[in-house]
Amino acid sequence: MKSILIALFFVVFVPSFSYANDTSGYVLPTGGVVFEKQDGIKMQVEALYIRPGQIEVNYLFENTTDKDITTQMFFPLPQMPAVEEYLGDEAHDYKFKLWVNGKTKPYQTHWTVTQNGKDITNNVSILFYRPEEVITDQQLAKRIQTLPEETRQKLQDKKIIEWDWMLDRDEGEIQNWKMPSNADWKKQISYSWQQTFPAHKTISVRHTYRPTRIYTNVGTPFSECINQESEQYQEFVYVPENEQKSPWGHLNARDYLEYILTTANNWQGSIENFNLLVESPLKSVGCFDGEEFYGERFYAINRQNYTPEWDMSVDFIIKDYDIPYNYAPKSEPVLYRIDGPANLRDTPNGKVTAQLADKTYVWVWPDEKKGKWYPVRQNNLSGYTHKQNLLKVF
């Protein structure tokens, strides 16, 4: 089975999920959100950590002007289907949490529903019990049935709902309430909070969220830049016969996600220091910077003065049917800055394998330190460096 959330359209029903960088904007009176360019605020650092069941993003923002700037910050999610054939009530509980300068911060949730591009939120909001909810067609039918007849008639007159034949998984083909056959309901969700950036000061913003999981009987990757028929991919997922535990004879893509990087371009200039870490129980593949990537347990990218032109995607590759719902890493990585240059060693106080440049960034696992030697990773480099070479960023 493959876990994904927002809909893609293949022969097999495949939802997916997608997230975005923080951006600035404002809310329309009708409830929609407009994202806007915010000059004067620079993203100094972004640390994006992706693993199954958890996404964490940390930022350092700097006000480069002589005046305090107060703006509305948004974390937008792309449009997703509001109604799906197999998607259950619990499918989109993101458990979004927000901290500013280390303190929890309240936020607002904004959501709209459109039908073929037209805003119908005011008409159908009664059918959704919480903003993040995505319901099945069966749930939709039952909720429409509970509406007063006058309300149903108004929705029917506006061609928002209709009484027609539908496929019920328990009863087969029956007549019931449903969306019009040519209708496409999309839901847009954004989280927002008001933020003041003091003049010539830096603030930290952190948020985490947990995508819940949907299953389909598909084990192939959905990242567009990955060719599953290529020799590189086939070798990457090959499992020797003596190690095979599945009937396929190869590893399988199970969880898929997308992350929108390009909203970072709404801030002043480029991202001064962009840091990505993808952690998988076994392997991962995906698209970053418009190109394919193949990662083992970890895939790390560190970029300076980075202007994202593409969004990214990740497929987690595992041996079994699915990644355990309660999957958790052995220890949590933390972003540090090198106070150096610093030697990278193959073992604690072992052979020098590379040098880490001063003021560059590395992912560090403090809970796995050996004495004063810390395991670190930067791009395709990994090893140990001494504690004296590391400065914590957040």
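Visitor: Before we go on, may I ask you to explain the overall build of the protein chain in this structure?
Guide: When helices and strands are tallied, the protein chain shows four helices and 34 strands. Out of the 394 residues in the protein chain, the part that is buried amounts to 55%. Of the contacts formed within the protein chain by residues at least 6 apart in sequence, a portion of 72% connects residues at least 24 apart. Carbon and sulfur atoms make up 46% of the accessible area of the protein chain, which totals about 18700 Å².

Visitor: Is there a simple way to think about the confidence of the model for the protein chain in this case?
Guide: Detailed reading of predicted coordinates is not advised where the pLDDT is low. Residues with a pLDDT of 70 or more make up 82% of the protein chain, whose mean pLDDT is 84. Ignoring residues within four places in sequence, the model shows residues 1-18, a span with pLDDT below 50, making 81 contacts including any to other chains. Considering only residues more than four positions removed or in separate chains, one finds that residues 28-33, a stretch of pLDDT under 50, has twelve contacts.

Visitor: Mind showing me how you'd approach the state of the cysteines here?
Guide: In a disulfide, the sulfur atoms of two cysteines are covalently bonded to one another. In total, this model carries one disulfide according to the counting rule given. Residue pairing for Cys225: its cysteine sulfur links by disulfide to Cys287, the two sulfurs lying 2.1 Å apart. Between Cys225 and Cys287, the S-S dihedral sits near -120°, and the bridge is therefore left-handed. Pair noted here: Cys225 is in the loop between β20 (215-216) and α4 (231-237) and Cys287 is in strand β24 (residues 283-288), with a separation of 62 residues, a long-range link. You can call Cys287 buried: its relative accessible area is 9%.

Visitor: Explain the pairing of strand β25 (residues 291-295) to me, please; I cannot follow it from the model alone.
Guide: Every other side chain in a regular strand lies on the same face of the sheet, so the side chains alternate between the two faces. Bridge count for β24 against β25 is five bridges, and the pairing is antiparallel. Paired with Gly286 across the two strands is Phe293, which belongs to β25. With antiparallel pairing between neighbouring strands as the criterion, β24 and β25 make up a hairpin whose turn holds two residues, including Asp289 at a positive phi of roughly 60°.

Visitor: Would you mind showing me how to read unusual backbone geometry here?
Guide: The omega angle of the peptide bond from Gly340 to Pro341 is 15°, so this bond is cis rather than trans. By secondary structure assignment, the location of Pro341 is in the loop between β28 (334-338) and β29 (342-345). Look at His200: it is not a glycine, yet its phi comes out positive at around 55°. Of the residues examined, His200 reaches a relative accessible area of 48% and is grouped as partly exposed. The phi dihedral of Asn349 falls on the positive side, at around 60°, and the residue is not glycine. Checked against the element boundaries, Asn349 lands in the loop between β29 and β30 (352-356).

What counts as what
- Residues numbered from 1 in each chain as written.
- Predicted model: local features only at pLDDT ≥ 70, side-chain atom pairs only at ≥ 80, totals over all residues.
- Heavy atoms only, no water.
- Helix = DSSP H or I, 4+ residues; strand = E, 2+ residues; numbered from the N terminus.
- Buried < 20%, exposed > 50% of the residue type's maximum accessible area, 1.4 Å probe, protein only.
- Contact = heavy atoms within 4.5 Å.
- Areas by Shrake-Rupley, 256 points an atom, 1.4 Å probe, with all protein chains shown as cover.
- pLDDT = per-residue confidence, 0-100.
- Disulfide = S-S within 2.5 Å.
- Pairing = 2+ DSSP bridges.

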